[in-house]
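# Remarks on the overall topology
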Amino acid sequence: MNSFQLAVRSVIRKPVKSILLFLTVFMISLFLLSGMAGKNASVATQDKTRQAVGAGFLLAENEANRHTRIDEVLSRLGKNGEGILDGVLVEKLELAGGTSWRISTDNSFETLRMEDIEKIASVSGISDYNITTAVTAVNPVNFSRIEDSDTDQSSDILGISLIGNKKMEMDANVLSGNVTIKEGRLINEDDSNVCVISEELAEKKSSGFGG
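In every chain, residue numbers begin from 1 and rise along the written sequence. Selection of residues for local features in this predicted model requires a pLDDT of at least 70, selection of side-chain atom pairs for listing and counting requires 80 or more, and totals for whole chains, interfaces and linings are taken over all residues. Only hydrogens and water are removed before side-chain values are computed, so all heavy atoms of the structure are retained for them.

## Remarks on the overall build of the chain
Keep this limit in mind: Starting at the N terminus, helices and strands are each numbered in turn, a helix being any DSSP run of H or I of at least four residues and a strand any DSSP run of E of at least two. What makes two residues a contact is simply this: any of their non-hydrogen atoms within 4.5 Å. For the accessible areas, the method is Shrake-Rupley and the probe is 1.4 Å, while residue cover comes only from the protein chains on display.
A count of helical and extended segments in the chain gives 7 helices and 5 strands. N-terminal to C-terminal, the α/β element order of the chain is α-α-α-β-β-β-α-α-β-β-α-α. Pairs at least 24 residues apart make up 39% of the contacts formed inside the chain by residues separated by at least 6 positions. In the structure as shown, the chain presents an accessible area of about 17,100 Å², 56% of it carried by carbon and sulfur atoms.

## What about the sheet that holds strand S2 (residues 88–95)?
Hydrogen bonds between backbone atoms are what pair the strands of a sheet, whose relative direction is either parallel or antiparallel. Going by this rule: Two strands pair if DSSP finds at least two bridges between them. Between N-to-C directions, angles span 0 to 180 degrees; the directions come from axes that are lines fitted to C-alpha atoms, helices contributing only their stretch in contact.
The antiparallel open sheet is built from 3 strands, whose spatial order is S1-S2-S3. Of all the strands in the sheet, just strand S1 (83–85) and strand S3 (98–105) have a single pairing partner and so form its edges. Looking at each pair of strands side by side, their axes are set apart by 20° on average, direction ignored.

## Some words on a nonpolar patch on the surface
This is how the line gets drawn: Put simply, a patch holds well-exposed residues, over 30% relative accessible area, that have no salt bridge, with like charges counted together within 9 Å and Val, Leu, Ile, Met, Phe, Trp or Tyr side chains within 5 Å. The working definition used for a salt bridge is a side-chain nitrogen of Lys or Arg within 4 Å of a carboxyl oxygen of Asp or Glu. A 1.4 Å probe rolled over the protein chains alone gives each residue an accessible area, and that area as a share of the maximum for its type sets the label: buried under 20%, exposed over 50%, partly exposed in between.
A cluster of nonpolar side chains, contributed by Val-16, Ile-19, Leu-20, Phe-22, Leu-23, Phe-26, Met-27, Leu-30 and Phe-31, occupies part of the molecular surface with about 930 Å² of accessible area. Following the sequence through the fold, Phe-26 ends up in helix H2 (residues 15–53). Exposure remark for Phe-26: the relative accessible area of 45% places this residue in the partly exposed category.

## Thoughts on the pattern of salt bridges
Working definition: two side chains of opposite charge can pair if their charged atoms are close together. Enumeration over the complete set of coordinates arrives at 8 salt bridges. Of the charged contacts, one joins Arg-66 and Glu-63 as a salt bridge, the two residues approaching to 3.6 Å between their closest N and O atoms. Here Glu-63 and Arg-66 lie together in helix H3 (residues 63–77), a separation of 3 residues that amounts to about one turn. Looking at Glu-63, the relative accessible area reads 41%, which means it is partly exposed. Bridged by salt links that share partners, the residues Glu-63, Arg-66 and Glu-110 form one connected network.

## Regarding the packing of aromatic side chains
Our working rule: Two aromatic rings from Phe, Tyr or Trp, using only the six-membered ring of Trp, form a pair when their centres are within 6.5 Å; if the ring planes differ by under 30 degrees the pair is stacked, by over 60 it is edge-to-face, and anything between is tilted. Here, a charge over a ring is recorded when the distance from Lys NZ or Arg CZ to the ring centre is within 6 Å and its angle to the ring normal is within 35 degrees.
Scanning all chains against the criterion turns up 0 aromatic pairs. One Lys or Arg, Lys-166, reaches over the ring of Tyr-129 and ends 4.5 Å from the middle of that ring.

## Digging into a negative patch on the surface
The condition is simple: Note on charges: Lys and Arg go in the positive column, Asp and Glu in the negative column, and His and the chain ends are not counted at all. Note on charges: their place is set at NZ of Lys, CZ of Arg, CG of Asp or CD of Glu.
A surface patch of like charges, here negative, comprises Asp-148, Asp-150, Glu-200 and Glu-203. Residue classification places Glu-200 among the partly exposed residues on the basis of a relative accessible area of 41%.

## Side note on the pairing of S3
Here 8 bridges tie S2 to S3, and the two strands are oriented antiparallel to one another. Bridged to Leu-93 within S3 is Ser-100. Here S2 folds back onto S3 in antiparallel fashion, the turn holding 2 residues.

## Describing the pairing of S2
On a regular strand, each side chain points to the face opposite its neighbour's, so the side chains alternate between the two faces of the sheet. Bridge count between S1 and S2: 3 bridges; the pairing is antiparallel. Across the sheet, residue Ile-84 finds its bridge partner in S2, namely Leu-89. In sequence, S1 turns back onto S2 through a hairpin of 2 residues, with Asp-86 there showing a positive phi of about 50°.

## Regarding the environment of Ile-131
Mapped onto the secondary structure, Ile-131 falls in the loop between helix H5 (114–121) and strand S4 (136–137). Taking the C-alpha atoms as reference, Ile-131 lies 5.6 Å from Asn-165; in sequence the two are 34 residues apart. Apart from residues lying up to four places away in sequence, Ile-131 is in contact with Met-114, Ile-117, Gly-164, Asn-165 and Lys-166.

## Some remarks on the confidence of the model for the chain
This is how it is decided: Confidence of the predictor at the level of single residues is given by pLDDT, which spans 0 to 100.
Summarising the model, the chain shows a mean pLDDT of 76, and 77% of its residues fall at 70 or more. Of all helices and strands in the chain, the one with the weakest mean pLDDT is helix H1 (residues 3–13) (63), whereas H3 scores best (87). Scored below 50 in pLDDT, residues 49–53 shows 1 contact in the model against residues more than four places distant or in partner chains.

## A look at the side chain of Lys-167
Keep this limit in mind: Two N or O atoms count as a polar contact when they lie within 3.5 Å, although within protein this holds only if one can serve as hydrogen donor and the other as acceptor, and sequence-adjacent residues are included solely when both atoms are side-chain atoms.
Looking at where Lys-167 falls in the secondary structure, it is placed in the loop between strand S5 (161–162) and helix H6 (172–175). Residue classification places Lys-167 among the buried residues on the basis of a relative accessible area of 17%. Here Asp-128 takes part through its side chain, which lies 2.7 Å from a polar atom of the side chain of Lys-167. Once you skip the residues sitting within four places of it in the chain, Lys-167 turns out to touch Asp-128, Tyr-129, Asn-130, Ile-187 and Glu-189.

Pasting the structure below:
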């Protein structure tokens, strides 16, 4: 007599117990399947939400790594070395209080490396990326500043600055809605010698205000 025949006879002899056992197994299986379905639905919802809001991340300078790189350059210059190497400038200053050393860096040292950016951007799941330059001061020749009563401009005398983007549509201010285009279009990576200015500045320029 095989297992199937034994199972049939057991059901016939004890129908109530068999039905209760079946219902117990059925309910346990139903709960397990419901839990798995709910988990899968939650993951799918999170993925769709991230795609809808354009989830992303910001790649910025690591301060600890920056100090390590400076120390490496200083060790190559030597204990009493002066000069510039790999974007690090070391100057020896003779002051009234004695000898002092000044260390400064240029843009070639502070800039994120393109090979690092492109390597991260090539990872599966990253659909696109943007590169934003540091805020760059512009020499304010023949310019008049627009006064903003809501902003502290005490340390920004006639200040003018520019920011460059690989794709302006992916700039943080554009993505957050702080900046929108009223006329014209956003700058892309194929453009050169162009910029996006504020509506107020455009009105001032058209009226002959400033340079």
